[in-house]
Amino acid sequence: MKIAIAAALIAFAPVASYAQTPDSKPSAPTCTMAMDTALPAALADWTKPEALPAGANGATQPDITIGHAYKVQLSPVAAVQYPVAPKKLKDGSFGGLFMLTVDKAGTYTVAFDSGAWIDVIHDGQVVRSSTFGHGPDCSTIHKMVDFDLAPGHYTIEVSSAPKDTAVLMVVVKN
């Protein structure tokens, strides 16, 4: 009887595939090579990020280019005017806003080098992530979040970042 009850509870447990856990990277594997030397081709630009200050409101969002890495300068989250309030907003953390233009429908991955909350906003609504996880083994990519996006303009909201600088990159997954 106890087994049947446990099985029923597991079968009906909610699965939150869209949830993000900012600080959930498994312990680093033992790497026999230098970090970031075996990145997939789509992430090749990760090791040469361009400096870019994050926006703090809708009028100051800098455009980011798909396939290019950026070393972003973030602001204290209290100073950022988020178009949609992030689910995770830690006091004393950092964040910012970025503009992303998508020309072709597909799955886009937002890569980030530390634990942070990443939201993509379109027409005032949060776009639900399709998957999330950590970066490739032996890389400095802490977090990767996938979003299925149609052509259009999007705001990437970063919140609850632990430090005021980070590396950010968006790539096409398919």
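In this report, we go over the structure that sits alongside the text. Everything numeric in this text was worked out from a predicted model, so none of it was measured.

About the thresholds
- Residues numbered from 1 in each chain as written.
- Predicted model: local features only at pLDDT ≥ 70, side-chain atom pairs only at ≥ 80, totals over all residues.
- Heavy atoms only, no water.
- Salt bridge = Lys/Arg side-chain N within 4 Å of Asp/Glu carboxyl O.
- Helix = DSSP H or I, 4+ residues; strand = E, 2+ residues; numbered from the N terminus.
- Buried < 20%, exposed > 50% of the residue type's maximum accessible area, 1.4 Å probe, protein only.
- Pairing = 2+ DSSP bridges.
- Axes fitted to C-alpha atoms, helices over the stretch in contact; angles between N-to-C directions.
- Disulfide = S-S within 2.5 Å.

Some points on the pattern of salt bridges
Okay, step 1: For the structure on display, the rule yields one salt bridge.
Okay, step 2: A salt bridge links D146 to K173; the shortest N-O distance between them is 2.5 Å. On the criterion of sequence distance, the pair formed by D146 in strand β10 (residues 143–149) and K173 in the segment after β12 (165–172) is long-range, its members being 27 residues apart.
Okay, step 3: Relative accessible area serves as the criterion here: at 5%, D146 is assigned to the buried category.

A few points about the pairing of strand β5 (residues 94–102)
Okay, step 1: Taken across its nine residues, β5 has seven buried, putting it largely inside the fold.
Okay, step 2: Bridge count for strand β2 (residues 63–64) against β5 is two bridges, and the pairing is parallel. In the sheet register, D63 faces β5, and the bridge partner there is M99.
Okay, step 3: Pairing analysis gives two bridges linking strand β4 (residues 75–76) to β5, with the strands arranged antiparallel. Its bridge partner lying in β5, S75 is registered against G95.
Okay, step 4: By the bridge criterion, eight bridges tie β5 to strand β11 (residues 152–161) in an arrangement that is antiparallel. Residue pairing for β11: T101 is matched across the bridge by H153.

A look at the sheet that holds strand β9 (residues 129–133)
In sheet architecture, strand pairing relies on hydrogen bonds along the backbone and comes in two forms, parallel and antiparallel.
Okay, step 1: Taken together, six strands build an open sheet; the order of strands is β1-β3-β12-β6-β10-β9 and the sheet is mixed. Among the strands making up the open sheet, the edge pair consists of β1 (50–53) and β9. With direction set aside, neighbouring strand axes in the sheet form an average angle of 25 degrees.
Okay, step 2: Across four bridges, β1 lies against strand β3 (residues 69–73) in parallel orientation. Paired with E50 across the two strands is Y70, which belongs to β3.

Some points on the state of the cysteines
Okay, step 1: Using the criterion set out here, one finds one disulfide in the structure.
Okay, step 2: Note that C31 is cross-linked by a disulfide to C138, the S-S spacing being 2.1 Å. Judged by the torsion about the S-S bond (-110 degrees), the C31/C138 disulfide is left-handed. Taken together, the positions of C31 in the loop between α1 (2–11) and β1 and C138 in the loop between β9 and β10 put the pair 107 residues apart, joining distant regions of the chain.
Okay, step 3: Looking at C31, the relative accessible area reads 27%, which means it is partly exposed.
Okay, step 4: C138 gets classed as buried once you look at its relative accessible area, which sits at 13%.

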